[in-house]
Amino acid sequence: MVVKRDSHSKNTPFLVRNSCERIPVKSFNEEIRAANDVKNFVTDARVALDVAETDISKILEISLIKTIGPNIDVSEFFSMVRLSDDVYQLKDTISGMSYQAGNYVHDQSWLVIMACLPSLRERVTVMVRLMFPVNFGDNAHDIRFLVLVMTPIDEKITKNAFETGRSFATLFVKPEFRNDLLTASTVQEFLSIVERRRDELVHGSFDSIKNHELTFTQSGCYFAAGIRENIARRIKFYSSDFVDGLVGKNTLQKTLATILFLYFACILPCIAFGVLVDKATGGLLDARRAIIGQAIGGLFFALFSGQPLVIIATTAPLCLFTKVVFGIARDFNVDFYAMFACVGLWNSLFVILYSLLDVSVLMKWCTRNTEEIFAIFIFFAFTVDSMKDVVANFQNFYPGNGCNSSIVPLQTDTLESSLHMPDTFDLMGFPCKPESCILFILLMLGTLWLALKLFNFNQTPYLSTFNRNLLSDYALPIAVLVFSFVGSFLFQAIETERFQFRDGFTFHFASLESLTPQAIGIGAALGFTLSLLFFMDQNISAALVNTPYNNLKKGSGYHLDLFIVGVLNGFTAMLGLPWMHGILPHSPLHARSLADIEERVEDGCVKQVIVRIRETRITGIVAHVLIGLSLYLIPYPLSYIPVPVLDGLFLYCAIASLRGNSFFERFCLFFTQQRSYPPNHYIRRCPQRAVHTFTVTQIIQLAIICAFGFWNYPYVQMAFPVVIALLIPIRHFVIPCFIPKDYLEALDGYH
């Protein structure tokens, strides 16, 4: 197909006739006939829902008889729509197409079929929704919707089959419209969606589907211009940020499922990191403080941020910084809370300056290369954390390691008596309990297996569509609850590692007067290094939420979000609460859990495409209110959640972060038979050597940040944020020396 490329083709979908002739979409607010065509269709109500046939002839015959009646001459219709009796090739059709990253991509989920019938006296339009995707031939492999347009032969030009077909084809170029039609349960609901779509086109301009780019808008070189722009743009959507979480098809279900997902995905790592910091600081920061900080910080960010889909929390590198601050405070003989506050305030100062000076504009140079490498690092970080717990459990309880086989294991009748080991074990070691090791593996892998199985349950033929989607949405909460019950009750006779909480808690407001000038200087250096970690993590998390794949409509808020994080962490540092910033993979998983997803066949590949995301603050607000209320659940029932269940949650989040990661997909090509390579954009546009070379450069970069991130020496790990920042200049100045620019654009761009 030869199509002339113009300035509009980059951003606007268009229509093609018979897969070869480009035709424009209709402007409903200028062409009155288009709106009248749809209005007449709604009045006539010729709709066939969930036609179960897969044979093309049967589909068309059943649809015509069902909507028009037995008087329709089906054979005449077939003779007018087919090129020949031998090959079922349609004569006159309209489908959708768009220009994406140098390629013309067919939308293969719908098709308009047009015919002029000699016996027909007036125009007839029929809409058909198929129960299963059906292959209708070239560039129509995954059809779910058919529009059959039939007109008399002598119909005038403005009302002929082509013009009428173009009117209905314009409706279908919007993915959200097709997604809404899929959810309609009755003909009346189906027609109301069509009518609403017509009104959108009549009263507004054509809502084009843009190939988004990661942009950071600046309104001139003025102080805090980025923050002002973010506020001015996002304030218009503030009320809709709440409404969008309550109104719409399946919205309440999605919102509730996402709240529960966020609750478990945030509180369990929060407790785990709280226990880790507790050990590192001798109890000065503990799990209770971590929960309070998560509740306050998450609620504050959800209320006032520019992009509420980003989730903020404390992370393993922040726990490491806290451990280093504790050691320095001890070396300088100063109060830990004062030193912690000093580092936190310096960090907040630098982060706030970054936001006021619009430094986030530099992130426009942060391509998928950096984002995907960092996402894979998070995969390794979660996996390593889980494996460390497994190794520690085997070292403590498996015979032949660190356990003492001469100690007789206690027979614990209650959960409470099993939460704490006797003090004598500190001197003699732990009793050998191989059954505890086996149960640890069972609970961890069982949680992972059930969560993944339920998440993918909507792709199975079992149960109804509603119930499949319900199980998929609640996959993680169900898995955590089921295997917590298994570990705490079905196997309560076997010792299982559980969370331990300190009894007391008091706020300590930092007193900075005790700090020496030297300690303040060290605090400034640490604060600056920490601010680089905040800058990169916050912006990368936001970039993965705002990725073009998510099809967000309200825009981003990079500068405002960074400012909010800076102010928030100054407050938490003074109160002795853990630091926090945007995290992976929770942030992109939050967005995905609020999305409606459509599967499409493009270039021979099945792709999941997000057609709509509910951009709401409600999920973050309610989830963090629940996290705050969880203080009343200490020690029970939170102690009923075994540590291996948390490790299973870590592994689930790690694997979930790989979805849609092209770095991981390209890495798998090393082990894939060449004829089985997916015919996606970079395989079509780049030679195999360039694809593998780019993957190797990413592997090298990943190895470097893993070396710094997992190094045992704390002061080496302090350079971790700097190494992440260096990924950007490496991408733009080093990698182009090995791979031509055109190939890099295909491999590292948004498509």
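Residues numbered from 1 in each chain as written. Predicted model: local features only at pLDDT ≥ 70, side-chain atom pairs only at ≥ 80, totals over all residues. Heavy atoms only, no water.

1. A short note on the overall build of the chain
No. 1: Assigned secondary structure in the chain consists of 28 helices and 11 strands.
No. 2: In the chain, which comprises 751 residues, the share counted as buried stands at 56%.
No. 3: Partitioning the intrachain contacts of the chain with sequence separation of at least 6 by distance along the chain shows that 77% fall at a separation of at least 24.
No. 4: With an accessible surface of roughly 32300 Å², the chain has 61% of that area assigned to carbon and sulfur atoms. (Helix = DSSP H or I, 4+ residues; strand = E, 2+ residues; numbered from the N terminus. Buried < 20%, exposed > 50% of the residue type's maximum accessible area, 1.4 Å probe, protein only. Contact = heavy atoms within 4.5 Å. Areas by Shrake-Rupley, 256 points an atom, 1.4 Å probe, with all protein chains shown as cover.)

2. Comments concerning the packing of helix α9 (residues 251–281) against helix α22 (residues 643–656)
No. 1: Where α9 contacts α22, the axes come no closer than 10 Å and their chain directions differ by 120°. It follows that α9 is oblique to α22 by the angle criterion. Remark: the crossing between α9 and α22 carries left-handed chirality. Judged by residue contacts, Phe264, Ala265, Leu268, Pro269 and Ala272 of α9 engage Leu646, Leu649 and Phe650 from α22.
No. 2: Grouping the constituent residues of the contact of α9 with α22 by class yields eight nonpolar, no polar and no charged. (Axes fitted to C-alpha atoms, helices over the stretch in contact; angles between N-to-C directions. Parallel < 35°, antiparallel > 145°, perpendicular 65-115°, else oblique. Left-handed = near helix turned anticlockwise from the far one by under 90°. Nonpolar A, V, L, I, M, F, W, Y, C, P; charged D, E, K, R; others polar.)

3. Observations regarding the pairing of strand β3 (residues 47–51)
No. 1: In terms of burial, β3 is a largely internal element, four of the five residues being buried.
No. 2: Note: β3 against strand β6 (residues 124–134), four bridges, orientation parallel. Bridge pairing in β6 links Val51 to Leu130. (Pairing = 2+ DSSP bridges.)

4. Focus on the side chain of Asp37
No. 1: The residue Asp37 is located in helix α1 (residues 32–44) in this model.
No. 2: Residue Asp37 is classed as buried on the basis of its relative accessible area, which comes to 5%.
No. 3: Polar contacts involving the side chain of Asp37 include one to the side chain of Arg123, which spans 2.9 Å.
No. 4: Residues within four places of Asp37 in sequence aside, it is in contact with Arg123, Thr164, Ser167 and Phe168. (Polar contact = N/O pair within 3.5 Å; in protein donor to acceptor, adjacent residues only side chain to side chain.)

5. Thoughts on empty space enclosed by the protein
No. 1: Summed over the entire model, instances satisfying the criterion amount to two cavities of 30 Å³ or more.
No. 2: Its boundaries defined by the atoms lining it, the largest cavity holds a volume of some 60 Å³.
No. 3: Taken together, 13 residues form the lining of the largest cavity, with Val277, Thr314, Cys319, Thr322 and Pro578 sitting closest to its centre.
No. 4: Mapped by element, the contributors of at least two residues to the lining of the largest cavity are α9 and α11 (316–331).
No. 5: Here the residues of the lining of the largest cavity are counted per class, giving nine nonpolar, three polar and one charged. (1 Å grid on protein atoms, 1.4 Å probe; cavity = no way out; pocket = protein on both sides within 12 Å on 5 of 7 lines; lining within 4 Å. Points joined across faces, edges and corners; volume = space filled by probe spheres on them.)

6. Details of α22
No. 1: Between its first and last C-alpha, α22 extends 20 Å over 14 residues, near the 20 Å set by a 1.5 Å rise per residue.
No. 2: Burial analysis of α22 places 13 of its 14 residues in the buried class, which makes it a mostly covered element. (Expected span 1.5 Å × (residues − 1).)

7. Considerations on the confidence of the model for the chain
No. 1: For the chain, per-residue confidence averages 80 on the pLDDT scale, and residues scoring 70 or more make up 86% of the total.
No. 2: Element-level pLDDT for the chain is lowest in helix α14 (residues 425–428), with a mean of 48, against a maximum mean of 94 in helix α21 (residues 618–629).
No. 3: Counting contacts from residues 1–10, a segment whose pLDDT is below 50, to residues more than four positions away or on other chains yields 18 contacts.
No. 4: Every residue in residues 205–221 scores below 50 in pLDDT, and together they form 48 contacts with partners more than four places removed in sequence or on other chains. (pLDDT = per-residue confidence, 0-100.)

8. Considerations on the pairing of strand β7 (residues 143–152)
No. 1: Buried residues dominate β7, accounting for nine of its 10 residues.
No. 2: Where β6 and β7 come together, seven bridges link them in antiparallel fashion. Directly across from Val128, in β7, lies its bridge partner Leu146.

9. So, the pattern of salt bridges
No. 1: On inspection of all chains with the given rule, the structure shows 20 salt bridges.
No. 2: Across the salt bridge formed by Arg614 and Asp596, the nearest N and O atoms sit 3.0 Å from each other. A residue pair is termed long-range when its members are at least 10 positions apart, and Arg614 in the loop between β11 (605–613) and α21 and Asp596 in strand β10 (residues 595–602) qualify at 18 residues. Summarising the burial analysis for this pair, Arg614 and Asp596 share the class buried. (Salt bridge = Lys/Arg side-chain N within 4 Å of Asp/Glu carboxyl O.)

10. Section: the packing of aromatic side chains
No. 1: Considering all chains together, one arrives at 24 aromatic pairs under this definition.
No. 2: Aromatic rings pair up to connect Phe326, Phe336, Tyr337, Phe340 and Trp579 into one cluster. (Phe/Tyr/Trp six-rings, centres within 6.5 Å; stacked < 30°, edge-to-face > 60°.)

11. Let's talk about the nonpolar core
No. 1: In terms of nonpolar packing, the biggest core is built from 131 residues, with Met339, Phe499, Ile540 and Trp579 touching the most fellow members.
No. 2: If we skip the residues at most four places from it in the chain, Ile540 touches Met363, Cys366, Thr370, Glu371, Phe374, Leu584 and Ile724.
No. 3: By size, the runner-up hydrophobic cluster in this structure holds 34 residues, among which are Leu15, Val38, Val42 and Phe190. (Core = buried A, V, L, I, M, F, W, Y, C linked by side-chain atoms within 4.5 Å.)

12. A look at the side chain of Thr281
No. 1: On the secondary structure map, Thr281 appears in helix α9.
No. 2: At 2.8 Å, the side chain of Thr281 forms a polar contact with the backbone oxygen of Val277.
No. 3: When near neighbours in sequence (up to four residues on either side) are disregarded, Thr281 contacts Thr322, Phe326 and Phe336.

13. Digging into α21
No. 1: The end-to-end C-alpha separation of α21 is 16 Å, in line with the 16 Å expected for 12 residues at 1.5 Å each.
No. 2: When α21 is considered as a whole, its buried residues turn out to be Ile618, Thr619, Gly620, Ile621, Ala623, His624 and Ile627.
No. 3: Those residues of α21 hidden inside the fold are in contact with α8 (240–243), α9, α10 (287–304), β8 (312–313) and α20 (586–593).

14. Digging into the environment of Met114
No. 1: Its location among the elements puts Met114 in strand β5 (residues 103–117).
No. 2: On a C-alpha basis, the gap between Met114 and Arg166 in space is 9.8 Å, while along the polypeptide they are 52 residues apart.

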